[in-house]
Amino acid sequence: MQIRYRLALTGTAALGAAATVAAPATAQTLNLSVAIPRLSVAEYHRPYVAIWIEKEGAAPRSLSVWYDYDMKNGEGTKWLRDVRQWWRASGRALKLPADGVTGATKAPGDHKLSFTAGKGPLGSLGPGNYTLFIEAAREVGGREVVRLPFVWPPKPGATVKAQGSTELGAVALTFGK
Amino acid sequence: MKATYLIAGALAALMLPATAQAHRQWMLPSSTTLSGDDSWVTVDAAISNDVFYFEHFPMPTDGIAVTEPDGSTGKIENAAKGRYRSTFDVHLTKPGTYRIANVSTGVMGSYRLNGKQERLPRGTTKDKLASVIPAGATDVQTAEMSNRNEIFVTLGAPTTTIFKPTGTGIEMVPVTHPNDLVSGEAATFQFLLDGKPAADLKVTVIPGGIRYRDALGQMDLTADKDGKVVVTWPEPGMYWVNASIGGGREGGPGGMGGPGAGAPGAAPTPPTRPAGPPQRRAAYVSTLEVLAP
């Protein structure tokens with residue numbers, strides 16, 4: 001069942017690739033939407049956000065880190081450890097800024113991200129159970145982690161959703177070609 | 001504990017049987033887990049009953065040494081001594097784990113000269129021993145003391161270069177890295193005494209914050225035959241870790257020797273204090289930070 005599905009995907013991906021550039025035949029994307037809530041607080045700073053995936057028995061992979069990467073003398077890195085679960089899982093082993101991972105902090109609102117299997121920070125994924133983590137830590141504010149479990153390779157049209165309660169809003173993961 | 005005695009200058013107190021001496025020496029770093037390529041920690045150092053409230057005496061900073069992640073010697077900066085606490089900074093410029101430690105060794109003991117029992121002067125070290133015992137002294141009894149008070153801070157990913165034991169006194173060798181502690185998880189540490197596994201060593205772990213709760217929350221642990229203890233952290237926070245042998249101090253097995261152990265006939269008057277052979281003394285103190293998951 002799973003194998004047939006992968007074959008089918010390969011076919012479509014290859015078709016698509018013919019029209020554009022030579023994308024990997026098994027190209028699949030993780031489309032992630034992350035809502036940063038608008039908070040009514042006296043002193044607001046955009047949160048530091050880390051997005052990473054974990055699979056049991058494998059090294060966690062950082063997909064995206066939003067922080068004040070452009071402060072002088074790298075001062076914005078001082079607070080990365082406050083994104084503490086990510087820092088322990090993956091951040092402290094990263095050399096920052098990291099290509100394709102480092103990004104600026106984002107304003108409140110919905111943010112769309114897309115990661116392609118076999119490319120960039122996502123890399124290739126072996127079959128198995130994964131968890132995508134989104135962790136937000138805000139200066140003079142709180143911290144929250146939201147988890148999105150998924151199976152790789154994904155079922156067609158699968159969507160995983162979760163809802164943050166304080167520092168994160170709705171997050172959703174969908175899978176595309 | 002120990003430092004209290006030193007500060008009071010009351011070395012005689014060391015010779016007394018176990019007393020309820022609860023003053024604790026501690027160092028409290030501003031952070032133990034740091035990110036970036038360049039960071040600072042500031043450390044409070046004090047001696048008090050309740051960890052980590054500075055309300056009794058500042059801890060001297062003269063003997064504090066910094067070991068950088070690559071094993072080279074670092075330094076403390078901006079050291080200052082207040083009424084109740086000392087404070088100093090350490091500039092972290094290399095990735096990895098730093099040790100900030102106050103390690104001291106010495107020899108205590110006594111001898112008899114012209115029918116009087118004399119004590120070795122304070123601060124006697126092993127290499128000076130011969131020069132402080134006068135000719136004609138008899139009944140020379142000595143014991144080594146080793147004290148270690150150390151904390152660890154990590155810039156970036158934890159490293160283990162600095163954990164090579166020296167073979168002197170009580171040392172902690174991490175199985176779980178001391179800057180990778182999370183509440184709800186178990187951590188394992190191995191304790192060594194003079195380089196060998198400290199089997200059956202009593203280890204005390206006390207969470208900070210006693211002022212705001214009723215129960216001390218002290219954990220009394222005993223090292224296994226390999227000197228290992230396992231701690232499961234009940235909650236995030238700073239924890240004070242102590243182990244000692246000899247001298248009846250906190251966590252130790254008992255007091256100094258029994259009463260009146262002078263040579264037969266040599267002591268016409270009863271000794272004014274217990275005078276059994278002094279025991280090897282060693283003490284270990286650390287402060288560990290446990291993060292929330």
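Residues numbered from 1 in each chain as written. Chains lettered and ligands numbered in written order. Predicted model: local features only at pLDDT ≥ 70, side-chain atom pairs only at ≥ 80, totals over all residues.

As a further point, take the confidence of the model for chain B. All names here are of chain B. When pLDDT is averaged along chain B, the result is 85, and 82% of the positions lie at 70 or above. Below pLDDT 50 for its whole length, residues 1-20 participates in 36 contacts with residues either more than four positions away or in separate chains. Per-residue pLDDT stays below 50 along residues 249-272; that stretch engages in 49 contacts with residues further than four places along the chain or on separate chains. In the predicted complex, the global pTM is 0.83; the interface-specific ipTM is 0.82. (pLDDT = per-residue confidence, 0-100. Contact = placed C-beta atoms within 7 Å.)

Now for the sheet that holds strand β5 (residues 109-116) of chain A. Residues and elements named next belong to chain A. Judged by pairing direction, the sheet is antiparallel, and its four strands sit side by side in the order β5-β1-β9-β8 without closing on themselves. A strand with exactly one partner marks an edge of an open sheet, and here the two such strands are β5 and β8 (159-163). On average, adjacent strands in this sheet sit at an angle of 15 degrees to one another, irrespective of strand direction. The pairing of strand β1 (residues 29-36) with strand β9 (residues 170-176) spans six bridges and is classified as antiparallel. Following the sheet pairing, L30 is matched in β9 by F175. (Pairing = 2+ DSSP bridges. Helix = DSSP H or I, 4+ residues; strand = E, 2+ residues; numbered from the N terminus. Axes fitted to C-alpha atoms, helices over the stretch in contact; angles between N-to-C directions.)

We now examine the pairing of strand β3 (residues 61-66) of chain A. All names here are of chain A. With six of six residues buried, β3 is to be regarded as a mostly interior element. Note: strand β2 (residues 48-55) against β3, five bridges, orientation antiparallel. The partner of W52 across the bridge, within β3, is S62. Between the antiparallel neighbours β2 and β3 lie five residues, among them G57 with a positive phi of about 85 degrees. Bridge count for β3 against strand β4 (residues 102-103) is two bridges, and the pairing is parallel. Bridging from a neighbouring strand, W66 pairs with G103 of β4. (Buried ≥ 20, exposed ≤ 12 C-beta atoms within 10 Å, placed from the backbone.)

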